[in-house]
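Chain by chain, the residues run as shown.
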Amino acid sequence: MNNYYGEKLNSQKLFQVYETQIPRVKQYLQAEIDFVKKNLSKTQSILELGAGYGRIVRELAPHCGSIVGIDISEESVELGREYLKDYPNASMVALDVHKMEFTKPFDIIFCLQNGLSAMGADSTVIHKILETLAPGGTAYFSSYSTKFWDFRLKWFEEQAAKGLLGKIDYDKTKNGVIICKDGFRATIHLPEDFQKIGEESGYPYQVQEVDESSVFLIIHKN
């Protein structure tokens with residue numbers, strides 16, 4: 001799926017994804033931002049994984065010391081740099097999460113809106129993410145709640161109608177997995193998946209539902 005976001009669903013197309021006309025989806029998108037924003041401080045350095053064109057980066061920039069968004073798509077990052085031009089503490093980097101290297105760790109790392117599934121992250125990637133987190137820092141990962149299924153499917157139908165995705169294959173779309181006829185496959189992390197990742201991290205963690213639309217895994221690096 002990395003290639004799908006890198007080559008097909010990027011830049012202006014990705015921007016159109018978030019121009020949704022579905023009120024409940026707008027609520028979900030804002031609820032994720034509001035949930036993580038309330039715990040930020042002006043001194044923290046933040047890394048967002050799978051940042052797209054910087055939608056969340058721009059929302060969080062006024063509430064932290066600095067924020068870097070990375071995305072696999074060069075086109076999305078280029079759009080993001082224009083999108084963030086009035087936010088001097090925010091930057092975008094074209095980078096694959098599987099290969100990322102930074103000289104300094106970050107106080108907070110976000111991988112929101114089902115980012116782990118979209119990036120096809122395995123245990124090696126999770127380990128790399130936590131290595132990039134400073135001692136005392138916190139990592140936030142989110143996926144979709146199963147309670148949000150009907151609205152999530154409507155959102156994907158909206159995207160397909162705009163030509164951003166292929167037509168949905170309803171015979172194969174079920175149990176939290178959305179499959180399009182162009183090969184796009186969108187999965188989720190269930191609470192038990194996040195529990196396993198949390199346990200394997202070796203750090204204190206919690207799994208929490210937000211807004212009946214998201215499930216968050218929060219790992220505290222001690």
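Read on for a plain summary of the structure.

Rules used throughout
- Residues numbered from 1 in each chain as written.
- Predicted model: local features only at pLDDT ≥ 70, side-chain atom pairs only at ≥ 80, totals over all residues.
- Heavy atoms only, no water.
- Helix = DSSP H or I, 4+ residues; strand = E, 2+ residues; numbered from the N terminus.
- Rg over C-alpha atoms; globule rule 2.2 N^0.38 Å.
- Buried < 20%, exposed > 50% of the residue type's maximum accessible area, 1.4 Å probe, protein only.
- Contact = heavy atoms within 4.5 Å.
- Areas by Shrake-Rupley, 256 points an atom, 1.4 Å probe, with all protein chains shown as cover.
- Pairing = 2+ DSSP bridges.
- Axes fitted to C-alpha atoms, helices over the stretch in contact; angles between N-to-C directions.
- Disulfide = S-S within 2.5 Å.
- Expected span 1.5 Å × (residues − 1).
- 1 Å grid on protein atoms, 1.4 Å probe; cavity = no way out; pocket = protein on both sides within 12 Å on 5 of 7 lines; lining within 4 Å.
- Points joined across faces, edges and corners; volume = space filled by probe spheres on them.
- Nonpolar A, V, L, I, M, F, W, Y, C, P; charged D, E, K, R; others polar.

1. Describing the overall build of the chain
Here comes step 1: Within the chain, the regular secondary structure consists of nine helices and nine strands.
Here comes step 2: Compactness check: the chain gives a C-alpha radius of gyration of 16 Å against a globular reference of 17 Å for 222 residues, within 12% of the reference.
Here comes step 3: Here the chain holds 222 residues, and 54% of them are scored as buried.
Here comes step 4: The long-range share in the chain, meaning contacts at least 24 apart out of those at least 6 apart in sequence, stands at 64%.
Here comes step 5: If you sum the accessible surface of the chain, you get close to 10,600 Å²; carbon and sulfur atoms cover 48% of it.

2. A closer look at the sheet that holds strand E3 (residues 90-94)
Here comes step 1: Strand order in the open sheet formed by seven strands is E3-E2-E1-E4-E5-E9-E8, and the pairing between neighbours is mixed. Where the open sheet ends on each side, the last strands, each with one partner, are E3 and strand E8 (205-210). Within this sheet the neighbouring strands show an average axis-to-axis angle of 20°, counted without direction.
Here comes step 2: As paired elements, E8 and strand E9 (residues 214-220) share six bridges and run antiparallel to each other. Among the inter-strand pairings, Val-207 is bridged to a residue of E9, identified as Leu-217.

3. Regarding the state of the cysteines
Here comes step 1: Considering all chains together, one arrives at zero disulfides under this definition.
Here comes step 2: Its sulfur unpaired, Cys-111 is 17 Å from the next cysteine sulfur, which belongs to Cys-64.

4. Notes on the pairing of strand E4 (residues 106-111)
Here comes step 1: With respect to burial, E4 is a largely interior element, five of its six residues being buried.
Here comes step 2: Looking at chain direction, strand E1 (residues 45-49) and E4 are connected through three bridges and run parallel. Bridging from a neighbouring strand, Glu-48 pairs with Phe-110 of E4.
Here comes step 3: Sheet topology note: the E4/strand E5 (residues 133-144) ladder contains five bridges and is parallel. Among the inter-strand pairings, Ile-108 is bridged to a residue of E5, identified as Thr-138.

5. Thoughts on the pairing of E9
Here comes step 1: Along E9, six of the seven residues are buried, which leaves the element largely enclosed by surrounding structure.
Here comes step 2: As judged from the seven bridges shared by E5 and E9, these two strands associate in the antiparallel manner. Counterpart to Tyr-144 in the pairing with E9 is Ser-214.
Here comes step 3: In this structure, the hairpin formed by E8 and E9 is closed by a connection of three residues, where Asp-211 is found at a positive phi of approximately 65°.

6. Focus: helix H8 (residues 149-161)
Here comes step 1: The terminal C-alpha atoms of H8, which comprises 13 residues, lie 18 Å apart, in line with the 18 Å expected from a rise of 1.5 Å per residue.
Here comes step 2: Remark: Gly-163 follows H8 within two positions and exhibits a positive phi of approximately 80°.

7. A word on helix H3 (residues 23-37)
Here comes step 1: Taking 1.5 Å as the rise per residue, H3 with 15 residues should run 21 Å; its terminal C-alpha atoms sit 21 Å apart, in good agreement.
Here comes step 2: The complete set of buried residues in H3 reads Arg-24, Val-25, Tyr-28, Leu-29, Ala-31, Glu-32, Ile-33, Phe-35 and Val-36.
Here comes step 3: Considering only its buried residues, H3 is in contact with helix H4 (55-60), E4, E5, H8, E8 and E9.

8. Considering the environment of Glu-48
Here comes step 1: Checked against the element boundaries, Glu-48 lands in strand E1.
Here comes step 2: On the basis of relative accessible area, Glu-48 is assigned to the buried category, the value being 3%.
Here comes step 3: C-alpha separation for the pair Glu-48 and Lys-38, spaced 10 residues apart in sequence, amounts to 16 Å.
Here comes step 4: Non-local contacts of Glu-48, meaning those with residues more than four positions away in its chain, are made with Ile-56, Val-57, Val-68, Gly-69, Ile-70 and Phe-110.

9. A look at the layout of surface pockets
Here comes step 1: Estimates place the volume of the largest pocket at around 230 Å³.
Here comes step 2: Around the largest pocket, the lining is made up of 13 residues, and of these Ser-123, Ile-126, His-127, Glu-200 and Ser-201 lie nearest the centre.
Here comes step 3: Every element with two or more residues in the lining of the largest pocket is listed here: helix H7 (123-131) and helix H9 (191-201).
Here comes step 4: Residues belonging to the lining of the largest pocket are distributed by class as follows: five nonpolar, four polar and four charged.

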